[in-house]
Amino acid sequence: MLDQPTRRDFLRGGRSGPPAIRPPGAGPEPGFSALCTKCGDCEAACPEAIIHRDATGFPVVDPARGACTFCLACTGACPSGALTETAPWPWRAEASEGCLARHGVECRACEDHCDASAIRFLPMLGGRSEPVFLRDACTGCGGCVAPCPAGAIRLAPTGRPTEAGTTPC
Ligand code: SF4
Ligand code: SF4
Ligand code: SF4
């Protein structure tokens, strides 16, 4: 018999891992999962093909597949009211201690891929530079996630305490 997913699973988009990034227009839980019918229309509408279904069947945006352009095709395609244009996008980029530049390796891949100029490299002692993510400039598009060769960047919800080992943008 299959285990039934718990409320915690819904919030995380599966059995474990970070909080699920629902498509633009999604409100907070538990409202989103109560309204979403798992129809998949948002996934089909996304021209960037960055939406897929998580282990529970709900849609999630995967920034490892590319950046969100905020075209809101997903929002417009949603027939249930689970996605609405009034809900804010709460996600912003942050880098973990796995960032290569923090360990003295020359890397500016994230900065090179940020169209919003939301990443600055600050000179540090010893001649290395570290990235700083500018909260006010970051759109949360996720365009810096996939290019990071260390997999050190993720999108995190604003207004949430930062987990150990990460730097708030
Ligand atoms: S806003 Fe556009 S690019 Fe972003 S997830 Fe929705 S359909 Fe895809
Ligand atoms: S289009 Fe709306 S109801 Fe359908 S899966 Fe996406 S969020 Fe859920
Ligand atoms: S998520 Fe933020 S820092 Fe990353 S590319 Fe988009 S705007 Fe730039």
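Everything discussed here concerns the structure shown above.
Residues numbered from 1 in each chain as written. Chains lettered and ligands numbered in written order. Predicted model: local features only at pLDDT ≥ 70, side-chain atom pairs only at ≥ 80, totals over all residues. Heavy atoms only, no water.

**Looking at the overall build of the chain**
When its secondary structure is counted, the chain shows five helices and seven strands. Each helix (α) and strand (β) of the chain, taken in turn from the N terminus, gives the series α-α-α-β-β-α-β-α-β-β-β-β. Sequence separation of 24 or more characterises 58% of the internal contacts of the chain that already satisfy a separation of 6 or more. Only carbon and sulfur atoms are counted for the fraction: they give 56% of the accessible area of the chain, which is about 9100 Å². (Helix = DSSP H or I, 4+ residues; strand = E, 2+ residues; numbered from the N terminus. Contact = heavy atoms within 4.5 Å. Areas by Shrake-Rupley, 256 points an atom, 1.4 Å probe, with all protein chains shown as cover.)

**So, the site of ligand 2**
Neighbouring ligand 2 are 13 residues, the closest being Cys36, Cys39, Cys42, Cys78 and Ser80. When the residues that make up the shell around ligand 2 are grouped by side-chain class, the tally is eight nonpolar, three polar and two charged. (Near = heavy atom within 4 Å. Nonpolar A, V, L, I, M, F, W, Y, C, P; charged D, E, K, R; others polar.)

**Quick word on the site of ligand 3**
By nearness alone, 13 residues border ligand 3, and Cys114, Cys138, Cys141, Gly142 and Cys144 come closest of all. Across the shell around ligand 3, the residue classes tally to nine nonpolar, four polar and no charged.

**Observations concerning the nonpolar core**
One finds Phe32, Leu83, Ala93, Ile119, Phe133, Cys144 and Ile153 to be the most contacted residues of the largest nonpolar core, which totals 34 residues. Within the residue set of this core, elements represented by two or more residues are β3 (91-96), β4 (119-123) and β6 (153-157). Sort the elements by how many residues they give to this core and β3 lands first, with three residues. For this core, the domains that each give at least three residues are domain 1 (7-77) and domain 2 (93-158). If sequence neighbours within four positions are ignored, Ile119 has contacts with Cys110, Glu111, Cys114, Pro131, Val132, Phe133 and Cys144. (Core = buried A, V, L, I, M, F, W, Y, C linked by side-chain atoms within 4.5 Å. Buried < 20%, exposed > 50% of the residue type's maximum accessible area, 1.4 Å probe, protein only. Domains from an automatic or database assignment.)

**Remarks on the packing of aromatic side chains**
Summed over the entire model, instances satisfying the criterion amount to two aromatic pairs. Taking 6.1 Å as the distance between ring centres and 55° as the angle between the ring planes, the aromatic pair formed by Phe32 and Phe58 counts as tilted. In this pair, Phe32 is assigned in helix α2 (residues 31-35) and Phe58 in the loop between β1 (51-53) and β2 (59-61), connecting sequence segments 26 residues apart. Looking at Phe32, the relative accessible area reads 2%, which means it is buried. Phe58 gets classed as buried once you look at its relative accessible area, which sits at 3%. Positioned above the aromatic ring of Phe58, the side-chain terminus of Lys38 is 4.6 Å from the ring centre. (Phe/Tyr/Trp six-rings, centres within 6.5 Å; stacked < 30°, edge-to-face > 60°. Lys NZ or Arg CZ within 6 Å of the ring centre and 35° of its normal.)

**Here's the deal with the pattern of salt bridges**
Applying the stated criterion across every chain yields a total of ten salt bridges. Of the charged contacts in the structure, one is a salt bridge between Glu111 and Arg108, with a shortest N-O distance of 3.5 Å. Each of the salt bridges in this network shares a partner with another, and the network as a whole consists of Glu97, Arg102, Arg128 and Glu130. (Salt bridge = Lys/Arg side-chain N within 4 Å of Asp/Glu carboxyl O.)

**As for unusual backbone geometry**
A cis amide bond links Glu29 to the next residue, Pro30, at an omega of 5°. At Leu72, a position not held by glycine, the phi torsion is positive, near 65°. Relative to the helices and strands, Leu72 is located in the loop between β2 and α4 (73-77).

**Some details on the environment of Ala156**
Inspection of the secondary structure puts Ala156 in strand β6. A residue is classified by how much of its surface remains accessible, and Ala156, at 4% relative accessible area, is buried. As for Ala156 and Ala20, which are separated by 136 residues in sequence, their C-alpha atoms are 9.6 Å apart. Setting aside residues up to four positions removed in sequence, Ala156 forms contacts with Pro90, Trp91, Arg92 and Glu94.

From the geometry alone we can't say anything about function, so treat these as descriptive.
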